[in-house]
Amino acid sequence: MASNFFGYFSNDIGIDLGTANTLVYVKDKGIVLREPSVVALDTTTRKVRAVGDEAKRMLGRTPGNITAIRPMKDGVIADFDVTEAMLRYFIRKVHNNALRVAPRVVIAIPSGITEVEKRAVKDSATHAGARDVITIPEPMAAAIGVGLPIDEPAANMIVDIGGGTTEIAIISLSGIVFSKSIRVAGDELDAAVVNYMKRAYNLLIGERTAEEIKMKIGSAYPLDEELSLEVKGRDSVAGLPKTIHITSQEIREALSDTIAAIVDAVRTTLERCPPELSADLVDRGFVMAGGGSLIRGIDRLLSEKTGLPVTVADDPLSAVANGTGAVLNDLNWVMQNV
């Protein structure tokens with residue numbers, strides 16, 4: 001790779017293009033944008049009406065001619081044109097619509113996506129105004145972002161539970177020894193809450209309400225003091241608005257199957273780890289990142305199921321974006337590993 005391949009311009013950016021949220025890191029400035037990966041479209045003209053926070057407020061509340069959609073699904077692009085429009089909006093927003101030079105962009109992508117899906121991400125960013133696009137595996141970006149010493153000849157394990165995918169990787173000497181990517185994460189947890197409310201109470205709720213329930217009283221492990229919450233929705237039988245009270249025990253039961261799939265993926269990764277690196281993990285354990293790591297007790301559950309120390313990153317929501325930023329700042333790493 002030529003030494004001037006990754007020139008340093010003040011508008012070079014790193015993007016965590018997530019299923020639920022997009023974070024943008026600007027070189028020398030840090031994370032400057034954190035907004036939902038949601039776009040509101042006019043269904044007749046396909047014109048973008050709103051992006052990010054404004055569009056998310058419209059989810060489930062739009063008139064007939066406007067629909068709020070999430071163009072990313074399971075960590076990959078589900079709608080190419082809308083993703084391109086969303087990226088263009090975010091890139092221009094962080095530069096106050098004053099792009100003197102097209103930015104060079106580092107984008108984190110799930111480790112399990114296909115070459116076709118990777119190409120779609122690169123093409124979207126290019127069409128949105130990027131000059132050069134470099135992709136980095138999401139678990140690698142997360143590991144760098146939380147400060148793991150990935151260049152050491154020892155095992156570093158990261159578990160990143162995002163919106164669309166859970167990324168698990170064992171890293172040594174700046175390379176991924178083994179990784180596993182499953183399309184089970186925050187969205188699946190939200191869907192589990194929606195299904196439980198419908199099944200147990202005949203109550204219909206939207207994804208925003210489900211996410212709120214998950215964040216306020218969701219847990220993966222019994223709590224010292226169980227929580228409760230008032231939930232409003234529509235009775236599926238009577239068709240009228242309805243309010244009920246639910247407990248954290250109920251939501252834990254609703255989430256249990258989805259969380260069990262994440263636990264199984266972690267155990268599978270550990271089973272594929274070379275013996276010498278397994279020995280490192282006995283003492284080091286692993287680090288959790290992503291919004292899913294904030295579910296109460298999930299670190300305790302994983303520690304119990306694996307027998308390893310588990311640490312939740314200080315700022316798990318920013319881990320991947322901070323990792324792309326670190327790559328922006330390290331030309332040598334890019335030259336050797338991309």
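Note that the coordinates shown come from a computational prediction; the quantities given were computed from them, not determined experimentally.

Visitor: Summarise the pattern of salt bridges; cite the residues concerned and give the values.
Guide: Counted by the stated rule, this structure contains 17 salt bridges. For Arg70, the salt bridge identified is with Asp187, shortest N-O distance 2.9 Å. Of the two residues, Arg70 is situated in the loop between β6 (66–69) and β7 (72–73) and Asp187 in helix α5 (residues 186–201); the sequence distance between them amounts to 117 residues. Salt-bridge contacts for Asp235 lead to Lys242; the nearest nitrogen and oxygen are separated by 3.4 Å. Overlapping salt bridges bring together Arg70, Asp187 and Glu207 as one network.

Visitor: For the packing of aromatic side chains, give the residues involved together with the corresponding values.
Guide: One pass over the structure, following the stated rule, counts two aromatic pairs. On the basis of an interplanar angle of 65 degrees and a centroid distance of 5.7 Å, the ring pair of Tyr89 and Phe90 is categorised as edge-to-face. Residue class for Phe90 comes out buried when judged on its relative accessible area of 1%. Taken together, a centroid distance of 6.5 Å and an interplanar angle of 75 degrees make the contact between Tyr196 and Tyr201 edge-to-face. Its relative accessible area of 7% is what places Tyr196 among the buried residues. Here Tyr201 falls in the partly exposed class, since its relative accessible area comes to 23%.

Visitor: Explain the packing of α5 against helix α6 (residues 207–217) to me, and be specific about the residues and the numbers.
Guide: Helix-helix packing is described using two parameters, namely the angle between the two axes and the distance between the axes. Their axes nearest at 8 Å, the elements α5 and α6 cross at an angle of 100 degrees. Classified by the interaxial angle, the pair formed by α5 and α6 is roughly perpendicular. Where α5 approaches α6, its residues Gly186, Leu189, Asp190, Val193 and Val194 are matched on the opposing element by Ala210, Glu211, Ile213 and Lys214. Grouping the amino acids of the contact of α5 with α6 by side-chain chemistry returns five nonpolar, one polar and three charged.

Visitor: So, the domain arrangement of the protein chain: which residues are in play, and what are the values?
Guide: Parsing the protein chain into structural domains produces domain 1 (13–138 + 320–337), domain 2 (141–183 + 265–316) and domain 3 (186–254). Here the C-alpha centroids of domain 2 and domain 3 sit 29 Å apart. Across the boundary between the two partners, domain 2 contributes eleven residues, which contact 14 residues of domain 3. Counting the surface lost from both domain 2 and domain 3, the interface buries some 980 Å², and carbon and sulfur atoms represent 54% of this. The largest share of the area that domain 2 buries against domain 3 comes from Ile295, Arg296 and Arg300, three residues that together contribute 57% of it. For the pair domain 2 and domain 3, the number of links is zero salt bridges. The tally of links from domain 2 across to domain 3 stands at eight residue pairs in polar contact (both at pLDDT 80 or more). Classifying every residue of the side of domain 2 that touches domain 3 by side-chain character gives three nonpolar, four polar and four charged.

Visitor: Got a sec to walk through the sheet that holds strand β3 (residues 30–36)? Specific residues and values, please.
Guide: Within the open sheet, the five strands sit side by side as β3-β2-β1-β9-β10. Their pairing is mixed. Of all strands in the sheet, those with a lone pairing partner are β3 and β10 (132–137), marking the two edges. Taking each pair of neighbouring strands and ignoring which way they run, the sheet shows an average axis angle of 20 degrees. Across five bridges, strand β1 (residues 13–17) lies against strand β2 (residues 21–26) in antiparallel orientation. Opposite Leu17, over in β2, you have Thr22 as the bridge partner. Sitting on the sheet, helix α4 (residues 138–145) is in contact with β9 (104–109) and β10, with an inclination near 80 degrees to β10.

Visitor: Hey, could you go over the nonpolar core for me, with residue numbers and the actual values?
Guide: If you look at the biggest cluster of nonpolar residues, it comprises 45 residues, and the most contacted ones within it are Met157, Met197, Ile213, Val231, Ile246 and Phe286. Looking at this core, the element that brings in the most residues is helix α7 (residues 248–271), giving nine residues. Looking at which domains feed residues into this core, each of domain 2 (141–183 + 265–316) and domain 3 (186–254) gives three or more. Contacts of Ile213, omitting those with residues within four sequence positions, involve Val193, Ile205, Gly218, Leu229, Val231, Ile246 and Ile251. Among the nonpolar cores identified, the runner-up in size contains 28 residues, and Leu41, Val51, Ile77 and Phe90 belong to it.

Visitor: Give a detailed account of the sheet that holds strand β14 (residues 203–204), specifying residues and quantitative values.
Guide: Strand order in this open sheet of three strands is β14-β15-β16, and the pairing throughout is antiparallel. Because the sheet does not close on itself, it has two edges, and the strands there are β14 and β16 (241–247). Here strand β15 (residues 228–235) pairs with β16 via seven bridges, running antiparallel. For Leu229, the partnering residue across the bridge sits in β16 and is Ile246. Sitting on the sheet, α6 is in contact with β15 and β16, with an inclination near 165 degrees to β15.

Calculation notes
Residues numbered from 1 in each chain as written. Predicted model: local features only at pLDDT ≥ 70, side-chain atom pairs only at ≥ 80, totals over all residues. Heavy atoms only, no water. Salt bridge = Lys/Arg side-chain N within 4 Å of Asp/Glu carboxyl O. Helix = DSSP H or I, 4+ residues; strand = E, 2+ residues; numbered from the N terminus. Phe/Tyr/Trp six-rings, centres within 6.5 Å; stacked < 30°, edge-to-face > 60°. Buried < 20%, exposed > 50% of the residue type's maximum accessible area, 1.4 Å probe, protein only. Axes fitted to C-alpha atoms, helices over the stretch in contact; angles between N-to-C directions. Parallel < 35°, antiparallel > 145°, perpendicular 65-115°, else oblique. Contact = heavy atoms within 4.5 Å. Nonpolar A, V, L, I, M, F, W, Y, C, P; charged D, E, K, R; others polar. Domains from an automatic or database assignment. Buried area = accessible area lost by both parts, 1.4 Å probe. Polar contact = N/O pair within 3.5 Å; in protein donor to acceptor, adjacent residues only side chain to side chain. Pairing = 2+ DSSP bridges. Core = buried A, V, L, I, M, F, W, Y, C linked by side-chain atoms within 4.5 Å.

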